[in-house]
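# A structural walkthrough
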Amino acid sequence: MRAAVEAAKADVCALHAYLPAAELVAWTSGNVSARVPGADLMVIKPSGLEYADLTPASMVVCDLYGNRVEGDYAPSSDTGSHAYVYRHRPDVNGVVHTHSPYATSWAARAEAIPCCLTAIADEFGGDIPVGPFALIGDEAIGEGIVETLEGSNSPAVLMRNHGVFTIGASARAAVKAAVMVEDAARTVHLARLLGPVTRLDDADIASLHDRYTNVYGQKGAK
Ligand SMILES: O=C(CO)[C@@H](O)[C@@H](O)COP(=O)(O)O
């Protein structure tokens, strides 16, 4: 298990670099976590540390109730929520939180991003939903994430009055979803400035999502 913990710490630390690089966070906002394979543990960002100061050694190891089991720093403010997601979604191995400006502006308006682009159908399999407002510091946000995404294909949820949470089969997949939801939010925002958008038909959304999930890229390569 030691090797799995150390690998998760290195992976989660490296993935944090994508958030400021993609301009998804400001200062110390945002966080990334990963489930430790084969253990009831997760690795998450230390609360309030600047991204430039993050190292694998500074990552915090917690149990799946958000209790720190290893590390010198207090874990992220969102640890309880990440842990809640891991307990209730065994398919999820990575959780990301950002305040990316375009997607967070949709969260501020409590408006779901309509599935009006093939890129949204590809990655999100439908509209990108809005979750309930919840105060920070315990698992309430996690409860809202799980409740909102139940029955949804989307790996992203816009938590009302707050920001973006994404999930994935890996922490890297959750980071990708965070990048893609900001891209979608920006494009639909720009479109809506000049007129209404048209949501794709459900059948087309399903077809696009299936292709992207099961064929796109090298998935079909021999
Ligand atoms: O928005 C919140 C909590 O949800 C911020 O405090 C969060 O982005 C960053 O907090 P942490 O530094 O991870 O404790």
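Presented here is an overview of the structure given in this document. Since the structure is predicted, the reported quantities are computational estimates derived from the model, not experimental observations.

With that settled, the discussion passes to the environment of Pro 56. Considering the arrangement of structural elements, one finds Pro 56 in the loop between β2 (41-44) and β3 (60-63). Along the primary structure Pro 56 and Asp 11 are separated by 45 residues, whereas in three dimensions their C-alpha atoms are 8.0 Å apart. With residues near it in sequence (within four places) discarded, Pro 56 still touches Lys 9, Ala 10 and Cys 13.

The subject of this paragraph is the nonpolar core. Grouped together as the largest cluster of nonpolar side chains are 24 residues, with contacts concentrated most on Leu 19, Val 32, Val 36, Val 43 and Val 96. Per element, the largest residue contribution to this core is five residues, and it comes from helix α1 (residues 2-16). Contacts of Val 32, omitting those with residues within four sequence positions, involve Val 12, Leu 15, His 16, Leu 19, Val 43, Ile 44, Lys 45, His 82, Val 95, Val 96, Ala 171 and Val 175. Formed by 20 residues, the second largest nonpolar core is a distinct cluster that contains Ala 83, Ile 141, Leu 149 and Val 157.

So, about a negative patch on the surface. On the surface, a cluster of negative charge is made up of Asp 138, Glu 143, Glu 147 and Glu 150. Structurally, Glu 150 is set in the loop between α6 (140-149) and β7 (156-159).

Before going further, it helps to examine the environment of His 99. Mapped onto the fold, His 99 is located in the loop between β5 (94-98) and α4 (101-109). Sequence separation of His 99 and Val 164 is 65 residues, and the distance between their C-alpha atoms is 6.0 Å. At a separation of 3.0 Å, a polar atom in the side chain of His 99 contacts the side chain of His 97.

Now for the sheet that holds strand β6 (residues 130-131). In space, the eight strands of this open sheet follow the order β4-β3-β2-β1-β5-β8-β7-β6, with mixed pairing throughout. At either end of the open sheet lies a strand with only one pairing partner, and these are β4 (68-70) and β6. Pairing of β5 with strand β8 (residues 163-168) involves five bridges; the strand directions are antiparallel. Residue pairing for β8: Val 96 is matched across the bridge by Thr 166.

About the thresholds
Residues numbered from 1 in each chain as written. Predicted model: local features only at pLDDT ≥ 70, side-chain atom pairs only at ≥ 80, totals over all residues. Heavy atoms only, no water. Helix = DSSP H or I, 4+ residues; strand = E, 2+ residues; numbered from the N terminus. Contact = heavy atoms within 4.5 Å. Core = buried A, V, L, I, M, F, W, Y, C linked by side-chain atoms within 4.5 Å. Buried < 20%, exposed > 50% of the residue type's maximum accessible area, 1.4 Å probe, protein only. Patch = residues over 30% accessible without salt bridge, like charges linked within 9 Å, V, L, I, M, F, W, Y side chains within 5 Å. Areas by Shrake-Rupley, 256 points an atom, 1.4 Å probe, with all protein chains shown as cover. Salt bridge = Lys/Arg side-chain N within 4 Å of Asp/Glu carboxyl O. Lys, Arg positive; Asp, Glu negative; His and termini not counted. Charge placed at Lys NZ, Arg CZ, Asp CG, Glu CD. Polar contact = N/O pair within 3.5 Å; in protein donor to acceptor, adjacent residues only side chain to side chain. Pairing = 2+ DSSP bridges.

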